[in-house]
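# Examination of the molecular architecture
Listed below, chain by chain, are the residues.
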Amino acid sequence: MNNALSPVHIIGGGLAGSEAAWQIARAGVPVVLHEMRPVRATDAHKTEFCAELVCSNSFRSDDSETNAVGVLHREMRAMDSLIMRCADAHQVPAGGALAVDRDGFAAAVTAALEEHPLITIRREEVAGLPPADWDNVIIASGPLTSPALAEAIGALTGEAELAFYDAIAPIVHFDSIDMDKAWFQSRYDKAGPGGSGADYINCPLDREQYDAFVTALIEGPKTQFKDFEKTPYFDGCLPIEVMAERGRETLRHGPMKPVGLTNPHNPTVKACAIVQLRQDNALGTLYNMVGFQTKLLYGAQIETFRTIPGLERAEFARLGGLHRNTFLNSPKVLDRALRLKAQPRLRFAGQITGCEGYVESAAVGLIVGRMAAAERLGRELPPPPQTTAIGALLNHITGGHIETIDAGPRSFQPMNVNFGLFPPLDFTPKAPDGKRMRGPEKAIAKKRALSARAEADLRVWLDSAS
């Protein structure tokens, strides 16, 4: 390890912590990465790998022209993101999305960290706040922060409500799916990275089957918690039965929408609803049920999901479940550099800051890592412009939200990156002939303009920060 500089300490070897460690080390600053697994296990992790993917294996859309998360992908690649490098190297077909072989991806991230001469990985739990002599610390303990550390953070910030619950979708063995009823097709035949346009397995339900399925979801036995009713869900990862309870038609306009798909077994009949499964590993032996996060008990899951045509004999490699997540009221307790106002030696990164999603967590880790490295080198790194995807996400975390709604409780909630977080354009995109556009054409043109502006502004920021 380079002894000329004191190390930056990182607590948590998830996506954010791993990315932060990589960025710090590539800046020439030593780093010590503290990961408690396998010394202390969590309710959701299964391996000892850094950057293990707990829920989905998808990094979502890789479209950098019209999708905000695709813009975030592009920005991270431009900054030599370890997470994106390993994701690209271990991608599996997934339509318009970038999905990865989860074990191959996590193993690659771990190997890169272990092989870097400026990175030391210590397998130990940091119980409570880090020692006082650690003067530059990143807490990237994620949504599964250990109870001791979460309690210490809560005491320091004065925030009592740090917990919410996230749901995990089931994974099915491919060879147990009845392909005489199901078929391969991406929605609107769209091909994504490494894909063919037929990257999802589709299972159709008619009206009677759909109604029975919704009833089973609503009436099925579920995991219960004594503080459950006051636990807020993140809307981007709602359990499927919670969506069903919001209205019997909700699912067929959400994760089970039947649009853009034609059943080759019965092409003249339009399905009432369609369940999609996405490839989960490089071998193509496992598929996860898209949007099927659930808190149903295991027995009820098997019984209910086997009523879906094509899944009557489904064998599950993993059933769905709930795990406890932790996040800060970041706009109140963190500054613009994601330092804790009450103790600025502590920075936070990843989902604990109130971002949501693999890519978003890693992106925050990337910027926080660069900020911590710059500080150690005696410099200050300003955040990226709010017109970039990363800048827009950081702005949301540190204050880009409504404080309260109708004088009620705090409104800050975990957020995926989206174009709604970007500052508005200062012009109205026009058609090539100069005429005003309307409807979908206008929406697409606006997204492309936001993406182009983000790309240009990031380039200027990178040049000024180098």
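These figures come from a predicted structure and were not determined experimentally.

### What to know about the overall build of the protein
Regarding its fold elements, the protein presents 12 helices and 17 strands. Within the protein, the proportion of its 466 residues that are buried is 57%. For the protein, the exposed area adds up to about 19,700 Å²; of that, 52% sits on carbon and sulfur atoms.

### As for the nonpolar core
Residues Phe59, Phe105 and Ile138 are the most contacted members of the largest nonpolar core, which totals 88 residues. Sorting elements by how many residues they give to this core places helix α10 (residues 358-376) first, with 12 residues. Apart from the residues within four sequence positions on either side, Ile138 is in contact with Val8, His9, Ile10, Ile11, Ala20, Ile24, Arg347, Ala349, Val368, Gly369 and Ala372. With 32 residues, the next largest nonpolar core counts Leu217, Leu238, Met243 and Ala314 among its residues.

### With respect to a positive patch on the surface
Side chains of Lys430, Arg436, Arg438, Lys442 and Lys446 sit close together on the surface and give a patch of like positive charge. With respect to the helices, strands and loops of the structure, Lys446 is situated in helix α12 (residues 439-465). Overall, the relative accessible area of 45% leaves Lys446 in the partly exposed class.

### Side note on helix α1 (residues 15-26)
For α1, with 12 residues, the first-to-last C-alpha span of 17 Å sits near the 16 Å given by 1.5 Å per residue. Counting buried positions over the 12 residues of α1 gives 11, a clear majority of the element. Of all the positions in α1, only Leu15, Ala16, Gly17, Ser18, Glu19, Ala20, Ala21, Trp22, Gln23, Ile24 and Ala25 are classed as buried. Where α1 ends, the next residue or the one after it, Gly28, has phi of about 90°, a positive value.

### Some thoughts on the sheet that holds strand β1 (residues 8-11)
What the six strands build is an open sheet, ordered β6-β2-β1-β7-β17-β16; its pairing is mixed. Single-partner strands in this sheet number two, and they are β6 (119-123) and β16 (339-340). As judged from the two bridges shared by β16 and strand β17 (residues 343-348), these two strands associate in the antiparallel manner. In the strand pairing of β17, Leu340 is matched with Gln343. Here helix α5 (residues 147-157) sits on the sheet in contact with β1, β7 (137-139), β16 and β17, set at roughly 135° to β17.

### Quick word on the sheet that holds strand β10 (residues 183-184)
Read from one edge of the open sheet, six strands run β10-β11-β12-β13-β9-β14, paired in antiparallel fashion. Both edges of this open sheet fall to β10 and β14 (316-318), since each of them pairs with a single strand only. Note that strand β9 (residues 171-173) and β14 share two bridges and pair antiparallel. In the strand pairing of β14, Val172 is matched with Phe316.

### Looking at the pairing of β17
Two faces, one strand: in a regular strand the side chains alternate between the faces of the sheet. Summarising burial for β17: five of the six residues are buried, a large majority. By the bridge criterion, three bridges tie β7 to β17 in an arrangement that is parallel. Within β17, the position partnered with Val137 by the bridge is Leu346. In sequence, β16 turns back onto β17 through a hairpin of two residues.

### Some thoughts on the environment of Ile168
Topologically, Ile168 is positioned in strand β8 (residues 163-168). Classification of Ile168 by relative accessible area gives buried; the value is 8%. Along the sequence, Ile168 and Lys295 sit 127 residues apart, while their C-alpha atoms lie 8.2 Å from each other.

### Here's the deal with the packing of α1 against α10
Direction vectors running N to C along α1 and α10 enclose 35°, while the axes themselves pass 7 Å from each other. The element α1 and its partner α10 pack so that their crossing is right-handed. Taking contact as the criterion, the partners of Leu15, Ala16, Glu19, Ala20, Gln23, Ile24 and Arg26 in α1 are, on α10, Tyr358, Ser361, Ala362, Gly365, Leu366, Gly369, Arg370, Ala372 and Ala373. Among the residues making up the contact of α1 with α10, the classes are represented as nine nonpolar, four polar and three charged.

### Quick word on the pattern of salt bridges
One pass over the full model with this rule turns up 17 salt bridges. Measuring nitrogen to oxygen at the nearest pair gives 3.1 Å for the salt bridge that ties Arg252 to Glu249. Accessibility expressed as a relative area gives 18% for Arg252, which makes it buried. The exposure class of Glu249 is partly exposed, given its relative accessible area of 31%. Between Glu375 and Arg347 there is a salt bridge; the shortest N-O distance is 3.2 Å. Separated by 28 residues along the polypeptide, Glu375 in helix α10 and Arg347 in strand β17 bring together distant segments of the chain. A relative accessible area of 32% means that Glu375 is categorised as partly exposed. On the basis of relative accessible area, Arg347 is assigned to the buried category, the value being 3%.

### Describing unusual backbone geometry
Phi is positive for Ala51, close to 55°, though the residue is something other than glycine. With respect to the helices, strands and loops of the structure, Ala51 is situated in the loop between β2 (31-35) and β3 (58-61). Looking at Ala51, the relative accessible area reads 0%, which means it is buried. Even without a glycine there, the phi angle at Tyr188 is positive, about 60°.

### Observations concerning the confidence of the model for the protein
This prediction gives the protein a mean pLDDT of 87; 88% of its residues lie at or above 70. This stretch, residues 226-230, has a pLDDT under 50; its non-local contacts, to residues over four places away or in other chains, come to four contacts. Low pLDDT, under 50, characterises residues 404-410; the predicted model gives this stretch 10 contacts beyond four residues in sequence or across chains.

Scoring rules and cut-offs
- Residues numbered from 1 in each chain as written.
- Predicted model: local features only at pLDDT ≥ 70, side-chain atom pairs only at ≥ 80, totals over all residues.
- Heavy atoms only, no water.
- Helix = DSSP H or I, 4+ residues; strand = E, 2+ residues; numbered from the N terminus.
- Buried < 20%, exposed > 50% of the residue type's maximum accessible area, 1.4 Å probe, protein only.
- Areas by Shrake-Rupley, 256 points an atom, 1.4 Å probe, with all protein chains shown as cover.
- Core = buried A, V, L, I, M, F, W, Y, C linked by side-chain atoms within 4.5 Å.
- Contact = heavy atoms within 4.5 Å.
- Patch = residues over 30% accessible without salt bridge, like charges linked within 9 Å, V, L, I, M, F, W, Y side chains within 5 Å.
- Salt bridge = Lys/Arg side-chain N within 4 Å of Asp/Glu carboxyl O.
- Lys, Arg positive; Asp, Glu negative; His and termini not counted.
- Charge placed at Lys NZ, Arg CZ, Asp CG, Glu CD.
- Expected span 1.5 Å × (residues − 1).
- Pairing = 2+ DSSP bridges.
- Axes fitted to C-alpha atoms, helices over the stretch in contact; angles between N-to-C directions.
- Left-handed = near helix turned anticlockwise from the far one by under 90°.
- Nonpolar A, V, L, I, M, F, W, Y, C, P; charged D, E, K, R; others polar.
- pLDDT = per-residue confidence, 0-100.

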